[in-house]
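Report on the structure
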Amino acid sequence: MVVEFGEEIDLHTNRKVTALHAAVSALELASITDLVPTFRSLAIHYDPDIVPFAELEIELRAILPDLSSHSFSGRDWSIPACYDLDLSPDLQAVADSCSLSIEQVIRCHSGATYHVYMVGFLPGYPYLGDLAAEIALPRKITPSLRIPARSIAIAERMTAVYPIESPGGWHVIGRTPMRLFDETATPPALLAPGDRVRFSPVTRHEYDRLSKNDSGVDDAQPNKNPAT
Amino acid sequence: MISTLRVHKPGLHTTIQDLGRYGLQSMGVPVSGALDSSALRIANLLVGNEPTTAALEVLAAGPTLEVNTESVRIAVAGGNALIERLSPYPRRLPTFESFCLHRGDVFCIGPVTDMAMTYLAVEGGFDLPTAMGSHSTYTRGGFGGFKGRQLASDDELSLILPAATDRDELRFVERTLPGEPPIRVIPGPQADFFTAAALDTLFSREYTVSAAVDRMGMRLNGPQLEHARGFNITSDGTAPGSIQVPGDGLPIVLLADRQTTGGYPKIGCVISADLPTLARLRPGSTIRFSKSTLEQATEARRERENWFARFLDQIKRAGTSGIIDPTALQTQNLVSGVVGPDDPADSDR
């Protein structure tokens, strides 16, 4: 079952999805096996042996008008980002395509607070927006076969972090020492829809130092003082 | 003493799978689990396990394994393959039937000849840690199953039981899996992204399983499906069996390791009862789809569960009486007992 709130990416629509996600989770229905909030819809995986579609629909329609009480405030995160060229294979090309200097691209990327629209594509992969229009580029025509884990990448009006190594079509402009997914942590994904994220530039030296610590998702703490 | 199955050769792509990992799709964690859940359940039931127990999923060509424990009860169910004990001396082993092997026995599962995969279950199951509540291997994420990957030579798969329990063997005489073509599909949720002709094509023409098939999805060859409103949607959730159609107009059916969200429009979804039937098709096999409804899908699912209930019932009868009841077999076509210790197949021990 899919509840759609629109067809486009916008914050208002996404907040409704997050609110419904919270409201349905709070019902703790045994019939629901999985909830998948996305930019503009909530996918509800259910067990039809426990509840037929029609009954579940009635149950969910009842909570739809009252979503505002379930608005989710989210957490604030500061994610260290190293823009060293050795870790950022596409940074020069992005700067060239946007007629900006590398420093301007970094300032642009690290100067904004991003909203976590959804987590998908890969375990713990966050879709963060909105990326400044000045550095928005289409996806690569030919995806890279191997993007290293923790790579920070951009495409269109979005930025993301690859939690695990994967093929991918986004432009890699940096890397974080932080783990965004850890199957032994509870919950395994660091970020959740509705959270806010800033990237804070770190030197290569600092990146190497933080990478050695290899702290897991459980060790990470959201910012006490919101960045916004 | 440690009880294991020792891997001599891993086979083409052998992984530990159960019925999947639920509750974490909101974090992008795929469900995974057996591609042919029916075959996995049958293999488990034949060795006396809960149907949800993790077993080995063997894609295309199987492993060579050595028994490194006192004894182990095994059943292989799914596609047909030659199973052979290689050492101490060669002996053909059955499929769809439980049997016991002993310390030092080396056996192999040959190429799966009629389907894409087969399953090997061991009595008691494998002694492995769970990852996020499941034993299923998700190789892209490197978690679940045995060290998050497919088997490799010299792996040692720990077993829960050091020896097979004392009980009669079980044999599934019909030796076929439930499910038959055509594959039933519910249109949507983005059927409106396609022309009416595209929907007609999907439900009237024949498709072929291409070579591009893995645990994540099955790409089909056949007539192109024409988009009416472009081929990009704002990403939304996918379902097991979702048929997404990228820009080239050729459908991809999403399978066990499917990504939780996707940006291609989905013309329809294979009903859950038919998903094992589809997943077991090999490259080059032909497929026909028929249009179905939510009500039919629910009914088909219920029928499948009833089939397994009857299967379990027959196993219980065979197990307690130790007698093959020919009437029950003819009417139910399910399971017969008993290959006892006097069976000639075992006389070389």
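Residues numbered from 1 in each chain as written. Chains lettered and ligands numbered in written order. Predicted model: local features only at pLDDT ≥ 70, side-chain atom pairs only at ≥ 80, totals over all residues. Heavy atoms only, no water.

Side note on the domain arrangement of chain B
As a measure of interface size, the accessible area lost when the parts come together is often cited. All names here are of chain B. To keep things clear, this is the line we draw: An automatic or database domain assignment supplies the residue ranges for each domain. Should any heavy atoms of two residues lie within 4.5 Å, those residues are counted as being in contact. Two parts placed together each lose some accessible area under a 1.4 Å probe, and adding up what both lose gives the buried area. The salt bridge definition used is simple: a Lys or Arg side-chain nitrogen within 4 Å of an Asp or Glu carboxyl oxygen. Residues adjacent in sequence count toward polar contacts only when both atoms are side-chain atoms; beyond that, a polar contact is any pair of N or O atoms within 3.5 Å, and within protein one must be able to donate a hydrogen and the other to accept it. To qualify as a helix, a DSSP run of H or I must reach at least 4 residues; to qualify as a strand, a run of E must reach at least 2; elements of each kind are numbered from the N terminus. The classification used treats Ala, Val, Leu, Ile, Met, Phe, Trp, Tyr, Cys and Pro as nonpolar, Asp, Glu, Lys and Arg as charged, and all other residues, Gly among them, as polar.
Segmenting chain B into domains produces domain 1 (4-173) and domain 2 (183-292). Contact with domain 1, which involves 24 residues of that partner, is made by 12 residues of domain 2. Taken together, the two surfaces of domain 1 and domain 2 that pack against each other cover about 1400 Å², and 53% of this comes from carbon and sulfur. For the domain 1 face of the interface with domain 2, the top three residues by lost area are Gln25, Leu35 and Met115, together amounting to 32%. At the junction of domain 1 with domain 2, the criterion picks out two salt bridges. Glu57 is the partner of Arg215 in a salt bridge, and the nearest nitrogen-oxygen pair spans 2.8 Å. In this assembly, domain 1 and domain 2 are joined by 10 residue pairs in polar contact (both at pLDDT 80 or more). Among the elements of the structure, strand 2 (13-17), helix 1 (37-46) and strand 3 (55-59) are those that each provide at least two residues to the side of domain 1 that touches domain 2. Split by residue class, the side of domain 1 that touches domain 2 holds 10 nonpolar, 10 polar and four charged.

Some remarks on the domain arrangement of chain A
Residue and element names in this part refer to chain A. The assigned domain composition of chain A is domain 1 (2-70) and domain 2 (76-219). Distance between the C-alpha centres of domain 1 and domain 2: 29 Å. The interface is formed by eight residues belonging to domain 1 together with seven residues belonging to domain 2. Summed over both sides, the interface between domain 1 and domain 2 buries roughly 720 Å², with carbon and sulfur atoms accounting for 72% of that surface. Looking only at domain 1, the three residues that lose the most surface to domain 2 are Leu11, Asn14 and Phe39, adding up to 51% of its buried area. Scanning the region where domain 1 abuts domain 2 turns up zero salt bridges.

A closer look at the sheet that holds strand 3 (residues 41-46) of chain A
Residues and elements named next belong to chain A. We count it as follows: In this scheme, strands are said to pair when DSSP sees at least two bridges between them. Comment: axis = line fitted to C-alpha atoms, over the contacting stretch for helices; angle = value between 0 and 180 degrees taken between N-to-C directions.
Spatial strand order, 1-3-2: three strands in an open sheet with antiparallel pairing. The open sheet has two free edges, formed respectively by strand 1 (2-4) and strand 2 (32-37), since each of these has just one partner strand. Along the sheet, successive strands turn relative to each other by an average axial angle of 15°, direction set aside. Where strand 1 lies against strand 3, three bridges are found, and the strand directions are antiparallel. When the sheet's bridge partners are listed, Val3 is paired in strand 3 with Leu42. In the packing of helix 1 (residues 11-27) onto the sheet, contacts are made with strand 1, strand 2 and strand 3, and the angle to strand 2 comes to roughly 165°.

Description of the side chain of Asp18 of chain B
Residues and elements named next belong to chain B. Convention followed: Any residue under 20% of the maximum accessible area for its type is buried, any over 50% is exposed, and the rest in between are partly exposed; the area is computed with a 1.4 Å probe on protein chains only. Under this rule, positive means Lys or Arg and negative means Asp or Glu; His and the chain ends count for nothing.
For Asp18, the location among the structural elements is in the loop between strand 2 and helix 1. It turns out Asp18 is buried and unbridged, and the closest side chain with the opposite charge, Arg21, is 6.5 Å from it. Within the local environment of Asp18, its side chain forms a polar contact with the side chain of Ser136, the two groups lying 2.5 Å apart. Apart from residues no more than four positions distant in its own chain, Asp18 is found in contact with Gly33, Ala34, Leu40, Thr52, Thr53, Ala54, Ser134, His135 and Ser136.

Some remarks on the pairing of strand 19 (residues 266-270) of chain B
Residues and elements named next belong to chain B. Most of strand 19 is tucked away: five of the five residues are buried. Bridge count for strand 12 (residues 183-187) against strand 19 is three bridges, and the pairing is antiparallel. Bridge pairing in strand 19 places Pro187 opposite Gly268. When strand 16 (residues 242-244) meets strand 19, the two strands line up antiparallel, connected through three bridges. Following the sheet pairing, Gln244 is matched in strand 19 by Lys266.

Considerations on the sheet that holds strand 4 (residues 64-68) of chain B
Adjacent strands of a sheet form backbone hydrogen bonds with each other and so pair up, either parallel or antiparallel. Residue and element names in this part refer to chain B. With antiparallel pairing, the six strands of this open sheet are ordered in space as 7-6-9-4-1-11. Both outer strands of the open sheet, strand 7 (91-93) and strand 11 (156-158), are each paired with one neighbouring strand and no more. Taken over all neighbouring pairs, the strand axes of this sheet differ in orientation by 30° on average, direction set aside. Of the pairings in the sheet, the one linking strand 6 (residues 81-87) to strand 7 comprises three bridges and is antiparallel in character. Counted as the bridge partner of Ile83 is Leu93 from strand 7.

Some thoughts on the interface of chain B and chain A
Listed by partner, the interface residues are 34 residues for chain B and 37 residues for chain A. Contact between chain B and chain A buries roughly 2600 Å² in total, counting both sides, with carbon and sulfur atoms accounting for 57%. Counting across the chain B and chain A interface gives four salt bridges. With its nearest N and O atoms 3.1 Å apart, the salt bridge here joins Asp47 of chain A to Arg301 of chain B. Of all the secondary structure elements, the ones that give two or more residues to the side of chain B that touches chain A are strand 15 (236-237) and helix 4 (294-321) of chain B. Considering every element that reaches the side of chain B that touches chain A, the biggest residue donor is helix 4 of chain B, with four residues. The residue makeup of the side of chain B that touches chain A, split by class, is 13 nonpolar, 15 polar and six charged.

Examining the pattern of salt bridges
A side chain with one charge can pair with a side chain of the opposite charge if their charged atoms come near. The final tally for this structure, using the stated rule, is 32 salt bridges over all chains. Taking the shortest distance from any N to any O, the salt bridge between Glu7 of chain A and Arg229 of chain B comes out at 2.9 Å. Here Glu7 of chain A, found in the loop between strand 1 and helix 1, pairs with Arg229 of chain B, found in the loop between strand 14 (217-221) and strand 15, and the two come from separate chains. Across the salt bridge formed by Asp76 of chain A and Arg196 of chain A, the nearest N and O atoms sit 3.0 Å from each other.

Side note on the nonpolar core
All names here are of chain B. For clarity, the cut-off: By nonpolar core is meant a set of buried Ala, Val, Leu, Ile, Met, Phe, Trp, Tyr and Cys residues that side-chain atoms within 4.5 Å join together.
Ranked by internal contacts, the top residues of the largest apolar core, which has 81 residues, are Ile42 and Phe289. When residues in this core are grouped by element, the largest group, six residues, is from helix 1. Formed jointly, this core draws a minimum of three residues from each of two domains, domain 1 (4-173) and domain 2 (183-292). Here Ile42 is in contact with Ala77, Phe96, Phe172, Leu177, Pro178, Trp307, Phe308 and Phe311, once residues within four sequence places are set aside.

Here we look at the packing of aromatic side chains
What describes a pair of aromatic rings is the distance from one ring centre to the other and the angle between the planes of the rings. Counted only if it meets this: Any Phe, Tyr or Trp ring, taking Trp's six-membered ring, that has another such ring centre within 6.5 Å forms a pair; planes under 30 degrees apart are called stacked, those over 60 apart edge-to-face, and the others tilted. Note on criteria: charge over ring means Lys NZ or Arg CZ within 6 Å of the ring centre, with the direction from the centre no more than 35 degrees off the ring normal.
Under the defined criterion, the tally for this structure stands at 19 aromatic pairs over all chains. Here the aromatic rings of Phe172 of chain B and Phe311 of chain B are separated by 5.0 Å at their centres, their planes lie at 70°, and the arrangement is edge-to-face. Of this pair, Phe172 of chain B sits in the loop between strand 11 and strand 12 while Phe311 of chain B sits in helix 4, placing them 139 residues apart in sequence. An aromatic cluster of at least three residues, connected via ring pairs, comprises Phe39, Tyr117, Phe121, Tyr125, Tyr127, Tyr162 and Trp170 of chain A. Over the face of the ring belonging to Phe308 of chain B we find Arg41 of chain B, whose NZ or CZ atom lies 3.9 Å from the ring centre. Against the face of Phe193 of chain B rests Arg229 of chain B, its NZ or CZ located 4.1 Å from the ring centre.

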